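Single-letter residue listing:
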Amino acid sequence: MRDVYVIGAGMTPFGELWNKSIREIFVDAAMLAIEDAGVDHIDSLYVGSMSPGLFVGQEHLGPVVADFLGVTPVPATRVESACASGGVSFRQAFLEVASGVSEIVLAGGVEKMTDGADVTEALATAADQEYEVYHGVTFPGLYAMIARAHMHQFGTTRQQLAEVAVKNHRNGMKNPNAQFRSEITNEQVVKSTMVADPLRLLDCSPVSDGGAGVILASADVAKKMKSRAVKVIASTQASDTIALHDRTDLTTLGAVVRAAEKAYAMAGKKPSDVNLAEVHDCFTIAEIVISEDLGFFEKGKGGEAVEKGLTARECGKIPINSSGGLKSKGHPVGATGIAQIIELYEQLTGRGGERQVKKANIGLAQNMGGSGASCVIHILEAI
Amino acid sequence: MVGIVGYGAYLPRYRIKAETIARQWGADAEAIKRGLQLTEKTVPGQDEDTITISVEAARGAIQRAQIDPQEIGAVYIGSESHPYAVKPSGTVLIDALGIGPHVHVATNEFACKAGSEAMYVAYSHVKSGEMKYALGIGADTSQGAPGDALEYSASAGGAAFIMGTERVAAEILFTHSYTSDTPDFWRREGEFYPRHAGRFTGDPAYFKHIVGAGQALLEKSKLAPKDFTHAVFHMPNGKFPQEAGRRLGFTKQQLEFGWIVPLMGNTYSGSSPTGLAAILDVANPGDLIFMVSFGSGAGSDGFVYRVTEEIKAIKDRAPKVRSMLDNGKIYLDYGQYTKHRHKIKLNE
Amino acid sequence: MISPRYAREIPQRYQLVAARCTSCGTIGFPPRRVCKHCRGRQFEPTKLDSDGKILTFTIIRVGADRFSKQTPYAVAVIELNDGTRLTAQVTDCELESLEIGQKVRLVFRKIQEDGKAGILCYGYKAICV
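The rules behind each value
- Residues numbered from 1 in each chain as written.
- Chains lettered and ligands numbered in written order.
- Predicted model: local features only at pLDDT ≥ 70, side-chain atom pairs only at ≥ 80, totals over all residues.
- Heavy atoms only, no water.
- Helix = DSSP H or I, 4+ residues; strand = E, 2+ residues; numbered from the N terminus.
- Buried < 20%, exposed > 50% of the residue type's maximum accessible area, 1.4 Å probe, protein only.
- Contact = heavy atoms within 4.5 Å.
- Buried area = accessible area lost by both parts, 1.4 Å probe.
- Salt bridge = Lys/Arg side-chain N within 4 Å of Asp/Glu carboxyl O.
- Polar contact = N/O pair within 3.5 Å; in protein donor to acceptor, adjacent residues only side chain to side chain.
- Nonpolar A, V, L, I, M, F, W, Y, C, P; charged D, E, K, R; others polar.
- Domains from an automatic or database assignment.
- Core = buried A, V, L, I, M, F, W, Y, C linked by side-chain atoms within 4.5 Å.

On to the environment of Gly-100 of chain A. Residue and element names in this part refer to chain A. Relative to the elements of secondary structure, Gly-100 occurs in the loop between α4 (85-98) and β4 (104-112). Judged by relative accessible area, which is 36%, Gly-100 ranks as partly exposed. Gly-100 sits 96 residues away from Val-4 along the chain, and the two C-alpha atoms are 9.9 Å apart.

Think of interface size as the accessible area that goes away when the parts come together; that is how it is often given. Counting from both sides, the interface comprises 38 residues of chain C and, opposite them, 29 residues of chain A. Between chain C and chain A, a total of about 2900 Å² is buried, with carbon and sulfur atoms accounting for 52% of that surface. The largest share of the area that chain C buries against chain A comes from Arg-13, Arg-85 and Thr-87 of chain C, three residues that together contribute 19% of it. Connecting chain C to chain A are six salt bridges. A salt bridge links Lys-36 of chain C to Asp-246 of chain A; its shortest N-O distance comes to 3.7 Å. Connecting chain C to chain A are 22 residue pairs in polar contact (both at pLDDT 80 or more). Those elements that provide at least two residues to the side of chain C that touches chain A are α1 (3-8), α2 (10-15), β4 (51-60), β5 (73-80), β6 (85-90), β7 (103-113) and β8 (120-128) of chain C. For the side of chain C that touches chain A, the leading source of residues is β4 of chain C, giving six residues. Residues that form the side of chain C that touches chain A fall into these classes: 22 nonpolar, seven polar and nine charged.

Let us look at the side chain of Asp-49 of chain B. By secondary structure assignment, the location of Asp-49 of chain B is in the loop between β3 (40-43) and α3 (50-65). Engagement of the side chain of Asp-49 of chain B in a polar contact is seen with the side chain of Tyr-122 of chain C, the distance being 2.6 Å. Apart from residues lying up to four places away in sequence, Asp-49 of chain B is in contact with Pro-83 and Thr-141 of chain B together with Lys-110, Leu-120 and Tyr-122 of chain C.

All names here are of chain B. Along its sequence, chain B is organised into domain 1 (3-169 + 314-340) and domain 2 (172-310). Put simply, the middle of domain 1 and the middle of domain 2, counted by C-alpha atoms, are 16 Å apart. Listed per partner, the contact involves 59 residues of domain 1 and 53 residues of domain 2. Between domain 1 and domain 2, a total of about 4300 Å² is buried, with carbon and sulfur atoms accounting for 60% of that surface. Taken as a group, Gln-37, Cys-112 and Gln-143 account for 14% of the area that domain 1 buries against domain 2, more than any other trio of residues on that side. Viewed at the interface, domain 2 and domain 1 are joined by two salt bridges. With its nearest N and O atoms 3.5 Å apart, the salt bridge here joins Asp-281 to Arg-64. Our enumeration of links across domain 1 and domain 2 arrives at 25 residue pairs in polar contact (both at pLDDT 80 or more). Counting residues per element, the ones that place at least two in the side of domain 1 that touches domain 2 are β1 (3-10), α2 (29-36), β3, α5 (114-127), β6 (133-141), β7 (156-164) and α12 (321-326).

Grouped together as the largest cluster of nonpolar side chains are 96 residues, with contacts concentrated most on Leu-93, Ile-99, Leu-135, Phe-161, Ile-162, Leu-280 and Tyr-305 of chain B. With eight residues, α3 of chain B is the largest single contributor of residues to this core. Residues lining this core come from more than one domain, with at least three contributed by each of domain 1 (3-169 + 314-340) and domain 2 (172-310) of chain B. Once residues lying within four places of it in the same chain are set aside, the contact partners of Leu-280 of chain B are Ile-4, Tyr-7, Phe-161, Ala-170, Ile-289, Val-307, Ile-311 and Lys-315 of chain B. Judged by nonpolar contacts, the second largest core, of 71 residues, contains Leu-161, Leu-244 and Ile-320 of chain A together with Tyr-73 of chain C.

Attention now moves to the domain arrangement of chain A. All names here are of chain A. Annotation of chain A at the domain level lists domain 1 (4-118 + 208-228) and domain 2 (119-204 + 233-382). For domain 1 and domain 2, the distance between their C-alpha centroids amounts to 22 Å. At the junction of the two partners, domain 1 supplies 46 residues and domain 2 supplies 38 residues. With both sides pooled, the region where domain 1 packs onto domain 2 buries about 3200 Å², and carbon together with sulfur makes up 67% of that total. Looking at the side of domain 1 facing domain 2, the largest losses of area belong to Phe-14, Cys-83 and Asp-118, adding up to 21% of the total buried there. In this assembly, domain 1 and domain 2 are joined by one salt bridge. In this structure, Asp-36 engages Arg-351 in a salt bridge whose closest nitrogen and oxygen atoms are separated by 3.2 Å.

All names here are of chain B. Per the stated rule, a full pass over the model turns up 57 salt bridges over all chains. Close ionic contact of Glu-71 with Lys-132 constitutes a salt bridge, the shortest N to O distance being 3.2 Å. Of this pair, Glu-71 sits in the loop between α3 and β4 (72-78) while Lys-132 is found in the loop between α5 and β6, placing the two residues 61 residues apart along the sequence. By relative accessible area, which is 34% here, Lys-132 ends up partly exposed.

Okay, structure coming up:
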């Protein structure tokens, strides 16, 4: 397997992009990535998108975006793994370069969620349609059940959940592409509208439009642009039962644990070697559980860790979601996994601006689908 | 011997008080309670309908009869609130309870008499020797237009009866039906609420048919009212069955255990069948039970039952009507009630 | 919801029909083609116990459009006495009084409607006991 590098990145602002169609959003992000990398062509592209069929009535997204990007006839493939579509798109591009099939590959992700579809129902298709969704389960509902189990088992508090949102908004304020660039207080979170007990509106990532793209390349290509290249030192993926109720432990995301074990082994690193992490905080509880399942904190201590500031960008033990995370930056589901990679890429190349994490050499991106039925992890290292 | 080998009833947990409805329309609650002789009524949960009520009632009947559901040869559900205009209610029920597919299923409708009609048809099939067991059910989630007198009574519930020839708990000794074309109460296709002809629903309709069927049944059976331990009549309100009993020569004491309308309301097709179930819950071997239903349009089905020793064995195998009437009640305000009864116009 | 998809699940939804692996005894609900425990391929039909307890739950305040007229409603992960786990609504209860460990029983209820003119969809819900 060949070494693979990220050599360029670009994204649209995340938010309600009323005047842009899904193809325009993707093309804007992809052109920024191509220009950032300074390449004159790509050999193929992947586009992660969870449900363009339900959101805007468009399937067959690969050729749609290849056509409007003006890169036909390169192979163009849509990748779907619910909210992990972006991360899996990146992994497909990684494998294509690593295998030697291609030299330069665009890994993108896009979602257009504000065109009027029933977003709750569309997102719920990532759960077991016949045995969860049939009974009225929603995604906030599934994570609320994880939250209640975690609170019951480990004494995680309502305030600790809220602290995740407060921290991520604080980080997102410094991200020009974030959907919500405003500070929120713990009290605002715990008094916001109840969505699915115990989760409230400000525990939830928003409904967003947005696109993101990165360029992956072989060592030969990357060599020419050393200052702008970051090495991908692990790419792993794992699956779990589609239904939450089939998990033996409702407070652990098994796919995260498995993908993380493999990622640390592949990279030859330990959790303590990681300098920053972008994790899938679709709901506040998710960040707490993931921070444990990635091995940053002992099981059950994730709530306490965020409360003590151990995941803060400024002085944390392990800064989590310096970008603002899904909570503040926004969560156009197919684009999220790529946007996580972009944050690591910018941080590891010292382009983090106001939100630059000190001593950022190794970054980890964790992206997942459903209630954790799929998880993809990448570890990137500055060179 | 042909008769009831198992029975079950089901009442939803939700209730609304007459006062709550009266307050909404500026009506005099005390006068209404006195006039109708009822204080509250059952309301179906948002997830309950004639089918789910029938399933839970029939589940109790099977538990009491302790028979293999596969041996049930026919299922009839009588209701005036079948959830589908076209598609049988009984097909859902047989698949939920493991009856069939070798089973005859039909839907009955005859206003409030559809339940006793289902029982009568089930009984006749068994009596003819055509099958070993047949299931007859009366259940409704009754409709009454907002502000109408019916709104105080139209309620939800039902009862199910398995007819058979072995281990009979209540033998059916006599039956008699009395029917004429009487337009006292109806609901046209596509209309949401039924209409009624006011006081015409009384003497020319309810009393004429109940007394007509009742008198014929007494003559046929050569029994006198005093021979019966219990009697139950269709209960559109608290007053009518008392008056029907008086006209036929029954005492208040004989009506006591089946007269569940003050707390249940009028469960339409489920009314007298659920009253019968409440009587069976307390009946002793040898008791004679007199039952006459009434359905607008109009007609009455009368039955004479004789309780056997088997009643002692089966009574406690399933929930009793009185316990469902008295326990676990959840009271609704009028707003919640309109939501439960799908009276709010929503975007679909 | 289209009829064929609904009809296929009727045995599971109406009668809790599951499949027990003949080699290791693991119950699959819904029935599976391959045993999740031992990868066995032989099964015998079985019916789930209808009694169990709540492992975790939530109260949905914002539902998909199809469920919006039911809100608020409780949804729980339930472990049945035979060890099988499933997701179901908890109905007929005071939402505020629910707690983990609550004993429940599955009953037959209407779960959803396919719009105003489509089919009615039934199945299991839990009630507190």
